[in-house]
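Listed here are the chains, written in short residue letters.
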Amino acid sequence: ERRELFLKGPLVAGLTHDIPKPGDCLLFEELGQSVIVVRGHDGTVRAFLNMCTHRATKLLGPDAQTPCSVPSGRFVCPFHAWTFDLDGVLVGVPGSQGFEGIDLTQRNLVPVPVVEWNGLVFVRPTAGPEPLDISKHLGAFAPELALLDLAGASPVRSSTLTAATNWKCALDTYGEGYHFATLHASTIGVTHFSNVAVFDAFGVHWRLNFPEKSIRALVRRPESEWPEADYGGIHFVFPNTILVVGSLETGTRWVRMFRVFPGPTPGTMTCRTAVYVLALSESDRTSSAFANDDSRSDVTQEDYRVAVDGYANLATAPAGFKVVYGRNEPALQAFHRSVAAAIGANL
């Protein structure tokens, strides 16, 4: 899965406004490889291995935050001060006379494929000349994602969650509302119908929405009296990114992004969470709706508790035991079929 899904295909590294200005950068290290994603002076987003081409030291070390910024417009190696510009070009070598006979023009940073598309920044975290074809990757899902206007979304908060479970067990908790009435009886189960959903497939990607109980008030009312609905729902970008879209009462739209990654060993995983707002005002950006850390919310903690428990049981289950996905869990069926097809597994 790591090789076929996460190291060969495009992955979401962030959104446009995570790195709005030249010198702003993201560190993408979830899969072992350390990659710098940076906006250049020309406004173009580029990506490089976070590796000095002298002795392979990380240019941005363990204390670097993400997002971060390089105000000087230079990456300076903390080992010997080799210096690279935002285009990855080696522009400074102290004691360069010690490297006579070596073509230092061939020691620029190692590029990594990256594409900025409609507010989403995609990266393939392995070096190589083959460019990313995002149109091919997204297919029919592309115009649906473009509707989200993610290029205007500003970051509000981010956090990280780790858990002792398989990454697929964790992702499964986002893809069905069958559990609302039971697991989330005091939260989502109060506001939304359980076991009812609208599912749209777009190749390996999909969109899912759960109806709110407030629509009961529309029963027997003519459609002409229905209020205008806000666009929302869960948008899944294969293989690991969930975009949950909604609106505040003021009309300001928000996006909650969850990126689920396999950990370094089976049975471990990491989820990067982030909240973005298409802000109309500072009061919207600082709304109490975003005061809580998504990784610590009741819903997230409940979801990950069952994901951890379920994986622990699967690891010790009797030989031949298999989970079962019902007709009311179409997103999960679609997800696991796509994973199996990508890795050549037989379901």
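Just so you know, the residues in each chain are numbered from 1, in the order the chain's sequence is written. A pLDDT threshold of at least 70 governs which residues receive local features in this predicted model, and a stricter bar of 80 or more applies before side-chain atom pairs are shown or counted, although totals over entire chains, interfaces and linings include all residues. Just so you know, side-chain values use all the structure's heavy atoms and leave hydrogens and water out.

Turning to helix H8 (residues 298-315), a few remarks are in order. With 18 residues, H8 should reach 26 Å at 1.5 Å per residue; the first-to-last C-alpha distance of 26 Å fits that figure. The buried label applies to any residue whose accessible area, calculated with a 1.4 Å probe on protein chains only, is under 20% of its type's maximum; exposed applies above 50%, and partly exposed to all values in between. Secondary structure elements follow DSSP: runs of H or I of four or more residues count as helices, runs of E of two or more count as strands, with numbering from the N terminus. When H8 is considered as a whole, its buried residues turn out to be Thr300, Glu302, Asp303, Tyr304 and Ala307. Buried residues along H8 sit against strand S11 (154-163), helix H4 (167-172), helix H5 (180-183), strand S16 (253-262) and strand S17 (269-277). Expected helix span is taken as 1.5 Å per residue step, with the number of steps being one fewer than the number of residues. Contacts were defined at the residue level, with two residues in contact if any of their heavy atoms lie within 4.5 Å.

Bringing the packing of aromatic side chains into the picture now. Aromatic contacts are taken between Phe, Tyr and Trp rings whose centres are within 6.5 Å, Trp giving its six-membered ring; a plane angle under 30 degrees counts as stacked, one over 60 as edge-to-face, and the others as tilted. A full pass over the atoms with the stated rule returns 13 aromatic pairs. Ring geometry for Phe6 versus Phe261: centroids 6.3 Å apart, planes at 45°, classification tilted. Highlighted residues: Phe6 in helix H1 (residues 2-6) and Phe261 in strand S16, separated in sequence by 255 residues. Across the pair, exposure class does not vary: Phe6 and Phe261 are buried alike. The structure contains a cluster of three or more aromatic residues connected by ring pairs, namely Phe6, Phe28, Trp167, Phe199, Trp206, Phe236, Phe238, Phe261 and Phe335. Here the basic side chain of Arg256 rests over the ring of Trp254, its NZ or CZ set 4.9 Å away from the ring centre. In our convention, an over-ring charge means Lys NZ or Arg CZ found within 6 Å of a ring centre and within 35 degrees of that ring's normal.

Following DSSP output, two strands are said to pair if at least two bridges run between them. One open sheet accounts for 3 strands, arranged S6-S7-S8; its pairing is antiparallel. Whereas interior strands pair on both sides, the edge strands pair on one side only; in this sheet they are strand S6 (74-76) and strand S8 (90-92). Here the average twist between neighbouring strands, direction ignored, is 35°. Two elements, S6 and strand S7 (residues 83-85), share 3 bridges in a ladder whose sense is antiparallel. Within S7, the residue paired with Arg74 across the bridge is Asp85. All axes here are fitted lines through C-alpha atoms, helices being fitted over the stretch that makes contact, and every angle between N-to-C directions spans 0 to 180 degrees.

Residues enter a nonpolar core if they are buried and are Ala, Val, Leu, Ile, Met, Phe, Trp, Tyr or Cys, with the set joined through side-chain atoms within 4.5 Å. The biggest cluster of nonpolar side chains holds 47 residues, and the ones touching the most others in it are Val37, Trp167, Trp206, Ile242, Val260 and Tyr304. Those residues in contact with Ile242, other than ones at most four positions away along the chain, are Leu171, Tyr174, Trp206, Ile234, His235, Phe236, Arg256, Met257 and Phe258.

A separate point is the pairing of strand S12 (residues 198-202). The side chains of a regular strand alternate between both faces of the sheet. Note that S12 and strand S13 (residues 205-209) share 5 bridges and pair antiparallel. Within S13, the residue paired with Ala201 across the bridge is Trp206.

Bringing the side chain of His192 into the picture now. Residue placement: His192 occurs in the loop between helix H6 (188-191) and S12. Side chain to side chain, His192 and Thr191 meet in a polar contact 2.7 Å long. Discounting chain neighbours no more than four positions away, the residues touching His192 are Phe180, Phe210, Pro211, Glu212 and Lys213. Pairs of N or O atoms within 3.5 Å make up the polar contacts considered here, provided that, within protein, one atom can donate a hydrogen while the other can accept it, and that residues adjacent in sequence are counted only when both atoms are side-chain atoms.

Read from one edge of the open sheet, 7 strands run S11-S17-S16-S15-S14-S13-S12, paired in antiparallel fashion. Among the strands making up the open sheet, the edge pair consists of S11 and S12. The mean angle between the axes of side-by-side strands here comes to 15°, regardless of whether they run parallel or antiparallel. Judged from the 3 bridges that link them, S13 and strand S14 (residues 233-237) form a sheet pairing that is antiparallel. Bridging across to S14, Arg207 finds its partner in His235. Packed on one face of the sheet, H8 meets S11, S16 and S17 and runs near 30° to S11.

When a carboxyl oxygen of Asp or Glu is within 4 Å of a side-chain nitrogen of Lys or Arg, the pair counts as a salt bridge. For the coordinates displayed, the defined rule picks out 12 salt bridges. For Asp24, the salt bridge goes to Lys21, with nearest N and O atoms at 3.5 Å. A network of salt bridges, in which partner residues are shared, links Arg3, Glu4 and Lys8.

Below, the discussion takes up the environment of Gly73. Counting through the fold element by element, Gly73 comes out in the loop between strand S5 (68-69) and S6. A relative accessible area of 2% places Gly73 in the buried class. Sequence-distant contacts of Gly73, defined by excluding residues within four places in its chain, comprise His41, Phe84, Asp85 and Leu86.

It is worth spelling out a nonpolar patch on the surface at this point. Taken together, the side chains of Leu314, Phe321 and Val323 define a hydrophobic patch exposed on the protein surface, amounting to about 270 Å² of accessible area. Within the element layout of this structure, Phe321 appears in the loop between H8 and helix H9 (330-343). Patch membership needs two things, relative accessible area over 30% and no salt bridge, and members are linked within 9 Å if like-charged or within 5 Å if nonpolar (Val, Leu, Ile, Met, Phe, Trp, Tyr). Note that accessible areas follow from Shrake-Rupley with a 1.4 Å probe, and for residues the cover is restricted to the protein chains shown.

Now for unusual backbone geometry. Residue Pro67 is bonded to the preceding Thr66 through a cis peptide linkage, with omega at 0°. Here Pro67 is to be found in the loop between strand S4 (45-49) and S5. Phe238 connects to Pro239 through a cis peptide bond whose omega is 10°. Within the fold, Pro239 resides in the loop between S14 and strand S15 (241-247).

Let us look at the environment of Gly175. Note that Gly175 resides in the loop between H4 and H5. For Gly175, a relative accessible area of 2% gives the class buried. Placed 143 residues apart in sequence, Gly175 and Gly32 show a C-alpha to C-alpha distance of 27 Å.

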